[in-house]
Amino acid sequence: MRIGIFGGSFNPPHMGHINSLLTVQKKAGLDRVHVVPAAQNPLKIEIEGPSAEQRLELVRQSLKSYGKHFFVDDQELRRGGLSYTIDTVMSLRKDVDPEDLYLIIGADQFENFSQWKDYKKILTEANLIVTTRPGWAIPQEANELPEYFKDLVAEYDFNFIELKTGRNVQFIRLEDVEVSASEVRKLLRANRPVEKVLPLSVESYIRENGLYRPIGDKIGDFAKFTSFCGDILFSKKAIQVRGFDLTGISAPSEYTLIASGTSTRHASSMAENVVQAVKEEYNVLPQSIEGVDEGRWVLVDYGSLIIHVFYDYVRQEYSLEKLWKDGKDLNLKDPYIK
Ligand code: ATP
């Protein structure tokens, strides 16, 4: 028996996942693929969205018409906390020999695979299948392999690599399905059509359960919320905190905040402080957060409020304030300066 493992946040599961599962199962001749929703991916920041049980149900819905090869495995949700693939691999290893176990990941994940806990052990306990994904290249020759990976290679033969660990890696080309879960969440929140990117059963479950709606209701008064977030930024010594009411102009949000830090680290940590404080006070997580790893321009999206936290040097390059000159300046004042 050849057994596959396909993990992910599945927030929500989409046609990119289905396409990969169906193609890989067939091309690699897998007898069964465990589809394993993560409780929390350690490399992703927690965002607002469905509960773990709802994501599990979404995965079930997404696969219900695709038959016997796919097994929805809830072990990471049962373990809870941060989900590490090595734990899932080791639990399946109790019943499956390493040469029969295949971990399936997209080309995006192959690039950052060295950040995964015990990745070398994973490559000892299971084979790897790397699929194409629009926007990410798969290596065409040995010298295009990521640096972290080169030392592990025993023999390279275009789409197939023998590893020194005894396992192998194969690259599988998929038909391009250009979609990501983050993109789907944006479409759903904006009430835009999703039928091309979501299985119908998933879309119906989302609609029936009111998932991925804008988070406005939980926040209520966004003017007050904006000044709350502004105060957190002031308390963390942000440079030039400015807030705008954009309700009168055409803009992606009704309110916006902009601030900067003296370093990329300062910017990232301020964004994280805001997320933490909002979670404590409002019990709400952002709809999305981007750029926090680099800290040059961190964008925290609370729907009707979008917060931009820059490394000050980068802020000057963009001068976003110019875009909002017709909005209403909230003239935020540092409450810590009396
Ligand atoms: P997000 O946008 O929230 O980061 P995602 O769309 O990347 O999510 P995940 O659930 O994190 O989805 O991905 C699970 C697995 O599916 C990963 O190995 C990823 O590479 C793969 N995958 C996701 N989208 C596609 C796609 N369009 N084509 C091929 N593989 C994909």
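Computed from a predicted structure; not experimentally measured. (Residues numbered from 1 in each chain as written. Predicted model: local features only at pLDDT ≥ 70, side-chain atom pairs only at ≥ 80, totals over all residues. Heavy atoms only, no water.)

Description of the packing of aromatic side chains
Per the stated rule, a full pass over the model turns up 17 aromatic pairs. Aromatic pair Phe222 and Phe225: ring centres 5.7 Å apart, planes at 85°, arrangement edge-to-face. Note that Phe222 and Phe225 are positioned in helix H11 (residues 222-235) at a spacing of three residues, about one turn of the helix. Classification of Phe222 by relative accessible area gives buried; the value is 8%. Considering the side-chain rings of Phe244 and Trp324, the 5.5 Å spacing of their centres and the 50° angle between planes classify their relative orientation as tilted. With a gap of 80 residues between them, Phe244 in strand S9 (residues 239-245) and Trp324 in the loop between helix H13 (312-318) and strand S14 (328-329) connect regions that are remote in the sequence. Each member of the pair, Phe244 as well as Trp324, is classed as buried. (Phe/Tyr/Trp six-rings, centres within 6.5 Å; stacked < 30°, edge-to-face > 60°. Helix = DSSP H or I, 4+ residues; strand = E, 2+ residues; numbered from the N terminus. Buried < 20%, exposed > 50% of the residue type's maximum accessible area, 1.4 Å probe, protein only.)

Overview of the domain arrangement of the protein
Many structure descriptions define interface size as the accessible area lost when the parts assemble. One can read the domain layout of the protein as domain 1 (3-182) and domain 2 (216-329). With four residues of domain 1 in contact, the opposing surface of domain 2 contributes nine residues. Across the domain 1/domain 2 interface, buried area totals approximately 590 Å², and carbon plus sulfur atoms make up 58% of it. For domain 1, the biggest contributors to the area lost against domain 2 are Ile45, Ile47 and Glu48; these three give 81% of the whole. Where domain 1 packs against domain 2, one counts one salt bridge. (Domains from an automatic or database assignment. Contact = heavy atoms within 4.5 Å. Buried area = accessible area lost by both parts, 1.4 Å probe. Salt bridge = Lys/Arg side-chain N within 4 Å of Asp/Glu carboxyl O.)

A look at the sheet that holds strand S1 (residues 3-8)
Taking strand neighbours across the sheet as the criterion, the eight strands line up as S3-S2-S1-S4-S5-S8-S7-S6 in an open arrangement whose pairing is mixed. Only two strands of the sheet have a single partner each, and these edge strands are strand S3 (70-72) and strand S6 (153-157). When strand polarity is set aside, the average angle formed by the axes of neighbouring strands in this sheet is 20°. In terms of strand pairing, strand S7 (residues 160-163) meets strand S8 (residues 168-172) through three bridges, oriented antiparallel. Among the inter-strand pairings, Glu162 is bridged to a residue of S8, identified as Asn168. (Pairing = 2+ DSSP bridges. Axes fitted to C-alpha atoms, helices over the stretch in contact; angles between N-to-C directions.)

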